[in-house]
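Tertiary structure, described
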Amino acid sequence: MPKHEGVSLSVIKRLPRYYRFLGDLLEKGVTRISSRELAQLMRLTASQIRQDLNCFGGFGQQGYGYNVAALHKEIGNILGLNNNYTIILLGAGNLGRAIAKHMDFEARGLHLIGIFDNNPTVVGQQIKGLTVANSTYLEDFCRERKPKAAILCIPKEAAHETVERLMSAGVKCFWNFSHYDLSLAFEDAVVENVHLGDSLMTLCYQINEYYSDGEEK
Ligand code: NAI
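For clarity, every value in this text was computed on a predicted model and none was experimentally measured.

Thoughts on the overall build of the protein chain
- Looking only at helices and strands, one finds nine helices and 10 strands in the protein chain.
- With the C-alpha coordinates of the protein chain rotated into their principal frame, the extents come out at 60 × 50 × 35 Å.
- The buried share among the 217 residues of the protein chain stands at 35%.
- About 13600 Å² of surface is accessible on the protein chain, with carbon and sulfur atoms providing 52% of the total.

Here's the deal with the packing of helix H1 (residues 9–27) against helix H4 (residues 68–79)
- Axis separation between H1 and H4 bottoms out at 9 Å; the angle between their running directions is 145°. When you trace H1 past H4, the crossing you get is left-handed. Of H4, the residues touching H1 (which contributes Leu15, Pro16, Tyr18, Tyr19, Leu22, Gly23, Leu25 and Leu26) are Val68, Ala69, Leu71, His72, Ile75, Gly76, Ile78 and Leu79.
- The residue inventory of the contact of H1 with H4, partitioned by class, reads 13 nonpolar, three polar and no charged.

Thoughts on the sheet that holds strand E9 (residues 173–176)
- Within the open sheet, the six strands sit side by side as E7-E4-E3-E8-E9-E10. Their pairing is parallel. Taken across any chain shown, the strands that pair with only one partner, and hence form the sheet edges, are strand E7 (133–134) and strand E10 (190–193).
- Direction of pairing for strand E3 (residues 85–90) relative to strand E8 (residues 149–152): parallel, over a ladder of four bridges. By the bridge assignment for E8, Ile88 is matched with Ala150.
- Docked against the sheet, helix H5 (residues 94–102) engages E3, strand E4 (110–117), E8 and E9, running at close to 150° with respect to E3.

Some words on the environment of Asn134
- Mapped onto the fold, Asn134 is located in strand E7.
- On the accessibility criterion, Asn134 (25% relative accessible area) is partly exposed.
- Sequence-wise, Asn134 and Asn118 are 16 residues apart; in three dimensions their C-alpha atoms are separated by 5.5 Å.
- Among residues more than four places away in sequence, those in contact with Asn134 are Phe116, Asp117 and Val123.

Some remarks on the site of the ligand
- In the vicinity of the ligand there are 20 residues, among which Asn94, Leu95, Asp117, Val194 and Leu196 approach most closely.
- At a separation of 2.9 Å, an oxygen atom of the ligand approaches a polar backbone atom of Asn94.
- Between the ligand and Ile154, the relevant distance is 3.3 Å, taken from an oxygen atom to a main-chain nitrogen or oxygen of the residue.
- Per-element tally for the shell around the ligand: the top contributor is helix H7 (residues 156–168), with three residues.
- For the shell around the ligand, a count of residues per class yields nine nonpolar, nine polar and two charged.

Some remarks on the UniProt feature "DNA-binding region" (unreviewed entry) in the protein chain
- Look at the UniProt record and you will see "DNA-binding region" (unreviewed entry) annotated at residues 17–56.
- In residues 17–56, the share of helix is 70% and the share of strand is 5%. The end C-alpha atoms are 16 Å apart.

Some thoughts on the packing of H1 against helix H3 (residues 46–54)
- Taken N-terminus to C-terminus, the directions of H1 and H3 make an angle of 110°; their axes are 10 Å apart at the nearest point. When the interaxial angle is binned, H1 and H3 end up roughly perpendicular. Residues Val11, Arg14 and Tyr18 of H1 form the contact with H3, whose participating residues are Gln48, Ile49 and Asp52.
- A breakdown of the residues in the contact of H1 with H3 according to their chemical character gives three nonpolar, one polar and two charged.

Quick look at the side chain of His72
- By the secondary structure assignment, His72 is in helix H4.
- For His72, the contacting residues outside a window of four places in its chain are Tyr19, Leu22, Gly23 and Leu26.

Structural notes on the UniProt feature "binding site: NAD(+)" (unreviewed entry) in the protein chain
- Mapped onto this numbering, the UniProt entry annotates "binding site: NAD(+)" (unreviewed entry) at Gly91, Ala92, Gly93, Asn94, Leu95 and Gly96.
- Along the chain, Leu95 falls in helix H5.
- With residues up to four places along the chain from it excluded, the contact list for Leu95 reads Cys153 and Phe177.
- Within the secondary structure layout, Gly96 lies in helix H5.
- According to the relative accessible area criterion, Gly96 is buried, its value standing at 2%.

Rules used in this analysis
Residues numbered from 1 in each chain as written. Predicted model: local features only at pLDDT ≥ 70, side-chain atom pairs only at ≥ 80, totals over all residues. Heavy atoms only, no water. Helix = DSSP H or I, 4+ residues; strand = E, 2+ residues; numbered from the N terminus. Buried < 20%, exposed > 50% of the residue type's maximum accessible area, 1.4 Å probe, protein only. Areas by Shrake-Rupley, 256 points an atom, 1.4 Å probe, with all protein chains shown as cover. Axes fitted to C-alpha atoms, helices over the stretch in contact; angles between N-to-C directions. Left-handed = near helix turned anticlockwise from the far one by under 90°. Contact = heavy atoms within 4.5 Å. Nonpolar A, V, L, I, M, F, W, Y, C, P; charged D, E, K, R; others polar. Pairing = 2+ DSSP bridges. Near = heavy atom within 4 Å. Polar contact = N/O pair within 3.5 Å; in protein donor to acceptor, adjacent residues only side chain to side chain. UniProt positions renumbered as here; feature names shortened; annotations may be inferred. Parallel < 35°, antiparallel > 145°, perpendicular 65-115°, else oblique.

Structure follows, in structure tokens:
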């Protein structure tokens, strides 16, 4: 039974931002903050913050506000950041390599334990202390190490078959960069899709709006 059943995805998606802002406050030595001050800082409304946090029981005290360290810790717990879930990466090309090298998995509750590729020239290379393994060994590895999630940095065309193999081997959660719509094909998969291109198009829309009045800026 999920711990936080019924909490909307839009609330969940705001939690990392709360966590980040509270972490910054902690670094600056701020110990206590009102929902109004936090709202100002994050350009939200105080009622939005209270509503979001009430989904998890609320953590403020009337007249005191929030204890920054306690709230930071609670949100970290809600996000599951202390569980050190194991994750593997598929596709050690340009993107996979960049993610493996530059993402601080540990700070986000994850531990990268394996990297796989099917290209013999890539297999055997060292990335962040891990040797890229041949993806033919995927099932053996999953049986032995039981990773909880996989990062897909493989081409779209390879995604369906790879996910089928991973699901059969017990991996059900995916950080999906492959542009293949996994949720449609695998209903019971847990999927977080990342499309940098969508973000860029959203920026493009905003640039378009900004310059649409024809004035020189
Ligand atoms: P790349 O060609 O540099 O790397 C792909 C790697 O996957 C190669 O090393 C290849 O040998 C490996 N591969 C192919 N089939 C495989 C399989 N069945 N099992 C294991 N490994 C396999 O490509 P790049 O630039 O790293 O991009 C990877 C994918 O991510 C592409 O599909 C690209 O469109 C997508 N992409 C998505 C972004 C996003 O925001 N979602 C951003 C950039 C790229």
